[in-house]
Amino acid sequence: AASCGRTIFSLNISSVGLMQKVGDIVLGMCARTQWLFGNADELVAFAQEVGATTEGEGTMTDVADIAAMVVGFLPVGGHVIVTSGKDPTFVAEKAQDGTAAQTVAFPVPYFPPGEVKDTNGCGDAFVGGFLCLATVGAPLEACVGEGHR
């Protein structure tokens, strides 16, 4: 089980279109999820599907607030990580008292347009880089930095 020993469970929301079909399943998995990943659109779709937000929210300002709401579904110490292309990556952490301890914005490094050839798979690459360091206990800032790299 994901909660036994040193096992860490992570989940990538992965699709706005699937939320109406699997939102309740994802919600059920959240209780054992240490790291919940998604882009801003995916997080908003999930939050709307499970009633953690109201219709019309979804601006970058709202994304930090929505991440703080969604982290409430995770266990203590769980994190919601929200990417949004060139805009900041938000990370919300669930505190020991069960509230969102904080939502931190991490700026995305600038890449000149000519250096970006294709953005397909960027979210998956972010998750891979992030988890590479998270699984060895690196600080959150380093994990996000590796995801951005």
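Residues numbered from 1 in each chain as written. Predicted model: local features only at pLDDT ≥ 70, side-chain atom pairs only at ≥ 80, totals over all residues. Heavy atoms only, no water.

## Some words on the pattern of salt bridges
Going by this rule: Each reported salt bridge corresponds to a side-chain nitrogen of Lys or Arg within 4 Å of a carboxyl oxygen of Asp or Glu. In this scheme, a residue with accessible area under 20% of its type's maximum is buried, one over 50% is exposed, and one in between is partly exposed, where area comes from a 1.4 Å probe on protein chains only.
On inspection of all chains with the given rule, the structure shows 2 salt bridges. Between Lys-86 and Asp-87 there is a salt bridge, with its nearest N and O atoms 3.9 Å apart. With a shortest N-O distance of 2.7 Å, Glu-146 and Arg-149 are connected by a salt bridge. Taking the relative accessible area as the measure of exposure, Glu-146 reaches 23% and is therefore partly exposed. Taking the relative accessible area as the measure of exposure, Arg-149 reaches 72% and is therefore exposed.

## Structural notes on the side chain of Thr-89
What counts here: Per the convention used, a helix needs a DSSP run of H or I reaching at least four residues, while a strand needs a run of E reaching at least two, with both numbered from the N terminus. Throughout this description, a polar contact denotes any pair of N or O atoms lying within 3.5 Å of each other; where both atoms belong to protein, one of them has to be capable of donating a hydrogen while the other can accept it, and for residues adjacent in sequence the pair is counted only when both atoms sit in side chains. Only heavy atoms matter for contacts: two residues are in contact if any of them lie within 4.5 Å across the pair.
Among the structural elements, Thr-89 can be located in strand E4 (residues 87-94). Of note is the side chain of Thr-89, whose polar atom sits 2.8 Å from the side chain of His-148. Leaving out residues up to four positions away in the same chain, Thr-89 has contacts with Ile-81, Val-82, Thr-83, Val-104, Ala-105, Phe-106, Val-108, Phe-126, Val-144 and His-148.

## Notes on the pairing of strand E3 (residues 79-84)
Note on strand geometry: in a regular strand, side chains alternate between the two faces of the sheet. Formally: In short, DSSP must find at least two bridges between two strands for them to pair.
A large share of E3 lies buried, amounting to 6 of its 6 residues. What you see with E3 is no split at all: His-79, Ile-81 and Thr-83 on one side and Val-80, Val-82 and Ser-84 on the other are buried throughout. In terms of strand pairing, strand E2 (residues 35-39) meets E3 through 5 bridges, oriented parallel. Residue pairing for E3: Phe-37 is matched across the bridge by Ile-81.

## What about the environment of Ala-68?
By secondary structure assignment, the location of Ala-68 is in helix H3 (residues 60-70). A relative accessible area of 26% places Ala-68 in the partly exposed class. With 24 residues separating them in the primary sequence, Ala-68 and Ala-92 have C-alpha atoms 5.5 Å apart.

## Here's the deal with the packing of aromatic side chains
So the rule is basically this: Here is the rule: rings of Phe, Tyr and Trp (six-membered ring for Trp) pair when centre to centre is within 6.5 Å. Planes less than 30 degrees apart are stacked, more than 60 are edge-to-face, and the remainder are tilted.
For the structure on display, the rule yields 5 aromatic pairs. Ring geometry for Trp-35 against Phe-130: centres 5.0 Å apart, planes inclined by 70°, an arrangement best described as edge-to-face. One end of the pair, Trp-35, is in strand E2; the other, Phe-130, is in helix H4 (residues 122-134), with 95 residues separating them in the sequence. For the pair shown, Trp-35 and Phe-130 are each scored as buried. With relative accessibility at 0%, the residue Phe-130 sits in the buried group. Put simply, the rings of Trp-35, Phe-37, Phe-126 and Phe-130 touch in pairs and so form one group of aromatic residues.

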